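As a plain string of letters, each chain reads:
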Amino acid sequence: MYHHNVFGLTLASLLLLNPVAGKSPLGQTPQMGWNSWNTFKSNINASVVETTVQLFESLGLKDAGYDYIVLDEGWSDYSRTADGYLQPNLTSFPNGIKALIDDIHAKGLKVGLYGDSGILTCGFRPGSWGYEERDAQTLAGWGVDYWKYDNCGGFQAMTEPPQVRFGVMQKALELSGREILYSLCEWGYQFPWHWGGNIGHSYRMSGDITAKFTNETDCACKTAYCLNTGYAGCSVLSIIRKMREISQYQTPGHWMDMDMLEIGNGDMTLYQQQTHFAFWAALKSPLIIGADLSKLSNDSVAVLKNKDIIALNQDSLGQAAHYIEAASKEGSWQVWAGQVQGGYVVLLLNEKSYPQSLSISFADLGLGINGPVKATELWSHKALGKVDGYKGVLQPYQTLVFRLQV
């Protein structure tokens, strides 16, 4: 194990040395896939993964664009090998990780693994602090495509700022000989929208999501800019609220990650699930499913496969929608809008638990629209013809999504 000080790197020199992740062809649109954590926590095994891979095909998720299978905490053993290498949990993955990855690659999908920038992971398995180059070589040798890198188990590693801890692993991945998408998971700590794009292809902008749409009590920070960001317990609406301040930082190659999708988890209504998906898509968050695919309802599958909403997320312009304060009413309804290839997208969200009437003129949204435009509502797939805006009733927590063609 090497000692970091031999590099003689200050934070400033580290950031100067590291190229912007967006220069890589990886991450030019937000990544799409599935992650084991929200449903299975550390209790994952080869059978769960194999079933998930089969369901990617049979449910049509692969055809919809989801292509990463990410094994979160629980894939690795509680100790390294005698030579200091990461090793799989052979009780849960008796054939090892490389064989599993080879099987998944053969089905046309990609594989991600989970690690940590500290001495231990969140589940007290080996972290990569001090082993970055060795671990990156291991990942490359196994054929890993995606590396989710967490911020738990720091101990003395926490004396280094995240820019350094996550930056050292970035260099190691670049030297590994394999292109690996690098997903930073440090919960919005120290405002990564100001530096994360120099290090990862994506980076988390808040504490972990919970399967609650609203009314959570554990999300320490209700806005983007506060020091105690916490690491867990944020509802869908809280994360959307944070993005009001920072959505403008979204750029291709280094995406702000609003955390995994809770669609199919908890007891969200269909409208709440649609709102969740619409905002993650339009705000250009990675779309990483967090549910047990074998238990998804037909409604949840339909939400996750809506090709028009997915197209917003994968749009080649890579511009996130932004909050239109002048057209919104705090705590009551929200209006967001942005540019997409060939036109615009407008989202109208009813934040209340009861229906609300809403009247919005597209000309008032600062988009440069001065007359009727051709509009389609993407959940109903209803073509509205040429219209000046919207006037109607939104159901509790419903979001209407309009694609405007110019």
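Every residue gets a number counted from 1 within its own chain, in the order that chain's sequence is written. With the structure being a predicted model, the display of local features is reserved for residues of pLDDT at least 70 and the display and counting of side-chain atom pairs for 80 or more, all residues being used for whole-chain, interface and lining totals. Remark: hydrogens and water are excluded; side-chain values derive from all non-hydrogen atoms of the structure.

Under the annotation held in an unreviewed UniProt entry, the protein chain carries the name Alpha-galactosidase and is attributed to Aspergillus viridinutans. UniProt positions are given in the numbering used here, feature names are shortened, and annotations may be inferred rather than shown by experiment. Recorded in UniProt for the protein chain, the comment headed Sequence similarities (unreviewed entry) runs: "Belongs to the glycosyl hydrolase 27 family." Of the comments in the UniProt record for the protein chain, the one headed Catalytic activity (unreviewed entry) reads "Hydrolysis of terminal, non-reducing alpha-D-galactose residues in alpha-D-galactosides, including galactose oligosaccharides, galactomannans and galactolipids."

(A) Focus on the pattern of salt bridges. One side-chain nitrogen of Lys or Arg within 4 Å of one carboxyl oxygen of Asp or Glu is enough to make a salt bridge. The tally for this structure, following the rule as stated, stands at 13 salt bridges. R241 is the partner of E245 in a salt bridge, and the nearest nitrogen-oxygen pair spans 3.4 Å. Residue E245 and its partner R241 are located together in helix α8 (residues 236-246), separated by four residues, close to a single helical turn. The partly exposed category is assigned to E245, whose relative accessible area is 25%. Classification of R241 as partly exposed rests on a relative accessible area of 25%. Bridged by salt links that share partners, the residues R204, D208 and D259 form one connected network. Secondary structure follows DSSP: runs of H or I at least 4 residues long count as helices, runs of E at least 2 residues long count as strands, and numbering of each begins at the N terminus. Think of it in three bands: residues with accessible area under 20% of the maximum for their type are buried, residues over 50% are exposed, and the middle band is partly exposed, with areas taken using a 1.4 Å probe on protein chains only.

(B) View of the state of the cysteines. Disulfide assignment relies on a single distance test, namely cysteine sulfur atoms paired within 2.5 Å. Applying the stated rule across the entire model yields three disulfides. Across the disulfide, C122 is cross-linked to C152 (sulfur-sulfur distance 1.9 Å). Looking down the S-S bond of the C122 and C152 bridge, the torsion is 90°, so its handedness is right-handed. Remark: C152 occurs in the loop between β4 (146-150) and α7 (162-174) and C122 occurs in the loop between β3 (110-116) and α6 (132-142); sequence separation between them is 30 residues. What makes C122 partly exposed here is its relative accessible area of 30%. Taking the relative accessible area as the measure of exposure, C152 reaches 17% and is therefore buried.

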